[in-house]
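Reading the structure
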Amino acid sequence: MGSVRTKKGLFLAIWLVCAGAAMLLLAFRVHAPAAGCRAEDLASIPDDALMAAAMQNEQQGDGENGPAAPDEEPPRRVFLTFDDGPSKTTETVLDILKEEGVPATFFVIAAENNQQYLPLLARTAAEGHQIALHSCTHEYREIYRSPAAYWADIKALKAQIAPYLPADAGELCWLRFPGGSTNTVSHKYGGSGIMKSLKAQAKEKGYHYVDWNVCAEDAVGGHPSASEIYHNVVDGVGDKTTCVVLMHDTRATKTTAEALPDIIHWFKEHGFTFCTVSELEEPETP
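Residues numbered from 1 in each chain as written. Predicted model: local features only at pLDDT ≥ 70, side-chain atom pairs only at ≥ 80, totals over all residues. Heavy atoms only, no water.

On average, residues of the protein score 83 in pLDDT, and 73% of them reach the 70 mark or higher. pLDDT under 50 marks residues 19-45. Its contacts with residues more than four places away, or in other chains, come to 26 contacts. Contacts for the low-pLDDT stretch residues 62-66, under 50 throughout, to residues beyond four places or in other chains number two contacts. (pLDDT = per-residue confidence, 0-100. Contact = heavy atoms within 4.5 Å.)

Bringing the packing of aromatic side chains into the picture now. Each aromatic ring pair is summarised here by two numbers: the centre-to-centre distance and the angle between the ring planes. In total, this model carries 11 aromatic pairs according to the counting rule given. On the basis of an interplanar angle of 0° and a centroid distance of 6.3 Å, the ring pair of Tyr144 and Tyr150 is categorised as stacked. The same class applies to Tyr144 and to Tyr150, which are both buried. One aromatic cluster is present, built from ring pairs that chain together Tyr140, Tyr144, Tyr150, Trp151, Phe177, Tyr207 and Tyr209. (Phe/Tyr/Trp six-rings, centres within 6.5 Å; stacked < 30°, edge-to-face > 60°. Buried < 20%, exposed > 50% of the residue type's maximum accessible area, 1.4 Å probe, protein only.)

It is worth spelling out unusual backbone geometry at this point. Residue Pro86 is bonded to the preceding Gly85 through a cis peptide linkage, with omega at 5°. Within the secondary structure layout, Pro86 lies in the loop between β1 (77-85) and α4 (88-100). You will see that Glu217, though not glycine, has its phi angle at about 55°, which is positive. Turning to its location among the elements, Glu217 is positioned in the loop between β6 (214-215) and α10 (226-237). On the accessibility criterion, Glu217 (41% relative accessible area) is partly exposed. Non-glycine residue His223 carries a positive phi angle of around 50°. By secondary structure assignment, the location of His223 is in the loop between β6 and α10. With relative accessibility at 67%, the residue His223 sits in the exposed group. (Helix = DSSP H or I, 4+ residues; strand = E, 2+ residues; numbered from the N terminus.)

Counting 54 residues, the largest nonpolar core has Leu80, Leu97, Tyr144, Ile161, Val245, Leu260 and Phe267 as the members making the most contacts within it. Here this core takes seven residues from helix α11 (residues 254-269), the largest share from any one element. Contact partners of Val245, with chain neighbours within four places excluded, come to Val78, Phe79, Leu80, Thr81, Val214, Val233 and Phe267. Counting residues in hydrophobic clusters, the runner-up holds 11 residues, among them Ala132, Trp174, Trp212 and Val277. (Core = buried A, V, L, I, M, F, W, Y, C linked by side-chain atoms within 4.5 Å.)

Each pair of packed helices gets described by two things: the angle between the helix axes and the distance between those axes. With their axes 10 Å apart at the nearest point, helix α7 (residues 147-161) and helix α9 (residues 194-204) run at an angle of 50° to one another. With respect to each other, α7 and α9 are oriented oblique. Our pair here, α7 against α9, has a crossing hand that is right-handed. Listed contacts from α9 to Pro147, Tyr150 and Trp151 of α7 are Ile194, Ser197, Leu198, Gln201 and Ala202. Class assignment for the residues of the contact of α7 with α9 results in six nonpolar, two polar and no charged. (Axes fitted to C-alpha atoms, helices over the stretch in contact; angles between N-to-C directions. Parallel < 35°, antiparallel > 145°, perpendicular 65-115°, else oblique. Left-handed = near helix turned anticlockwise from the far one by under 90°. Nonpolar A, V, L, I, M, F, W, Y, C, P; charged D, E, K, R; others polar.)

Here the focus is the packing of α10 against α11. Direction vectors running N to C along α10 and α11 enclose 35°, while the axes themselves pass 8 Å from each other. Classified by chirality, the crossing of α11 by α10 is right-handed. Here Ala226, Ile229, Tyr230, Val233, Val234 and Val237 of α10 come into contact with α11, specifically with Thr255, Thr256, Glu258, Ala259, Asp262, Ile263, Trp266 and Phe267. Among the residues forming the contact of α10 with α11, the class breakdown is 10 nonpolar, two polar and two charged.

Further remarks concern α10. Over its 12 residues, α10 runs 17 Å from end to end, which matches the ideal 16 Å to within 8%, given 1.5 Å per residue. Listed in full, the buried residues belonging to α10 are Ala226, Ile229, Val233, Val234 and Val237. Buried residues of α10 fall within an arc of 120° about the axis and therefore sit on the same side. Turning to α10, the residues buried within the fold contact β6, β7 (242-248) and α11. Just past α10, the residue Gly238 takes up positive phi, approximately 55°. (Expected span 1.5 Å × (residues − 1). Arc of directions from axis to C-beta.)

What follows is the structure, encoded as structure tokens:
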């Protein structure tokens, strides 16, 4: 009899463990990012150094005209930026920017799934927008294996997009690290110091990198609506006078293009001047 009870107790314990594991798995599925959401983007913590320097320069004046008057508001500037294109959506984005008469910056990739859209870069440059570097493959496990792997990726990107840029385009010297310059997901591929090394090397090689301080949250899964994207942007502005807005022009972010006219109108109505990131000031070295 004792043996039977022991077996029943053992079976009950096993059943409880299995049931608990199943409940944990269900909870993870409920709270885990939706399909298409990239943990690399969610883990990113933007580095506001450039934006902070820009705002400080605005408040102090340009050095020629002296500091701004105490009651004078600093100029309001917005930098619309688009990552991970070009794609079919890019054409719609360019149409809207042309109609609204505002410039933007495109941090481009050259992966297998967007090769056919690379010719759109010619139109992008011709219409006065800035083309900047993001990644060739956008594969974190590859580009963040080592600093050498990252710079090989950038070299490949520049080679892929060169045929579509005007001869007078000059050197492409602005870049955005996938996941942002303070992302931590890169640590599991290249060690905890890889981003510090890459930022130092970028400066040595003559590159400027920029993150963002306003995010549309249009590429983190869940397929947000145009209304949600609009509110993510305008709610993220707060009292900022220099806004670097992160958006995406991928095939999966069509609602970003739908929200774009209203986003542009909001910034116009609130007195912002539209700029490209080449107009951002570099932060001073401590």
